[in-house]
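Structural description and commentary
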Amino acid sequence: IRIAGVGAGGIGALVTADQDFPMEAGETVMIKASYSPVDASVDFGLIDSDGSFHYFNTNEGNLNKTIKIKERGYYTLAVRNNSSDTINVSGYVNY
């Protein structure tokens, strides 16, 4: 999944992928992304079938992390902006 030109404005703005994907317990998902402005606080992660958001927070302008899936189910990529500025995000997800 590519992350391209995602814009999320304002504190708490959450942007999700258009489609979810099935995962088995023990599988991993790698998220590699960059964003601007680079000093914004941003959460990158997955929303599980129960609606819980499993995420990594960064305020360095980029993220390169892997999430290990704990439960079988469908997951959706999500990006949450914790800053007051609109952010622009690009990157990709491997699963």
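In this report, the structure presented in the accompanying data block is examined. Note that the structure is predicted; figures quoted are calculated from it, not measured.

The rules behind each value
Residues numbered from 1 in each chain as written. Predicted model: local features only at pLDDT ≥ 70, side-chain atom pairs only at ≥ 80, totals over all residues. Heavy atoms only, no water. Helix = DSSP H or I, 4+ residues; strand = E, 2+ residues; numbered from the N terminus. Buried < 20%, exposed > 50% of the residue type's maximum accessible area, 1.4 Å probe, protein only. Contact = heavy atoms within 4.5 Å. Areas by Shrake-Rupley, 256 points an atom, 1.4 Å probe, with all protein chains shown as cover. Core = buried A, V, L, I, M, F, W, Y, C linked by side-chain atoms within 4.5 Å. Phe/Tyr/Trp six-rings, centres within 6.5 Å; stacked < 30°, edge-to-face > 60°. Lys NZ or Arg CZ within 6 Å of the ring centre and 35° of its normal.

1. Observations concerning the overall build of the protein
When helices and strands are tallied, the protein shows zero helices and nine strands. For the protein, the sequential pattern of α-helices and β-strands runs β-β-β-β-β-β-β-β-β. Across the 95 residues in the protein, those meeting the buried criterion constitute 38%. Residue pairs in contact within the protein that sit at least 24 positions apart in sequence constitute 75% of those at least 6 positions apart. Carbon and sulfur atoms provide 43% of the accessible area of the protein, an area that totals close to 5,400 Å².

2. Some remarks on the nonpolar core
Judged by nonpolar contacts, the single largest core of 19 residues is most densely connected at Val29, Ile31, Val42, Phe44, Leu46 and Val89. Listed by contribution, the elements that provide at least two residues to this core are β3 (21–23), β4 (28–36), β5 (42–47), β7 (62–68), β8 (73–81) and β9 (87–94). In terms of residue count, the dominant contributor to this core is β4 (four residues).

3. Points about the side chain of Thr58
With respect to the secondary-structure elements, Thr58 resides in strand β6 (residues 53–58). Here Thr58 falls in the buried class, since its relative accessible area comes to 7%. The contact partners of Thr58, leaving out residues within four places of it in the chain, are Tyr35, Ala40, Ser41, Val42, Phe44 and Leu63.

4. A closer look at the packing of aromatic side chains
According to the stated counting rule, one finds three aromatic pairs in the structure shown. Pairing Phe53 with Tyr55 gives two aromatic rings, centres 5.0 Å apart and planes at 35 degrees, and the pair type is tilted. Directly above the ring of Tyr55 sits Arg80, whose terminal nitrogen or CZ lies 4.8 Å from the centroid.

5. Overview of the environment of Val42
Relative to the elements of secondary structure, Val42 occurs in strand β5. Put simply, Val42 and Asn82 are 40 residues apart on the chain and 5.6 Å apart in space, counted from C-alpha to C-alpha. If we skip the residues at most four places from it in the chain, Val42 touches Tyr35, Phe56, Asn57, Thr58, Val79, Arg80, Asn82 and Ile87.

No statement about biological role is implied by the geometric values presented.
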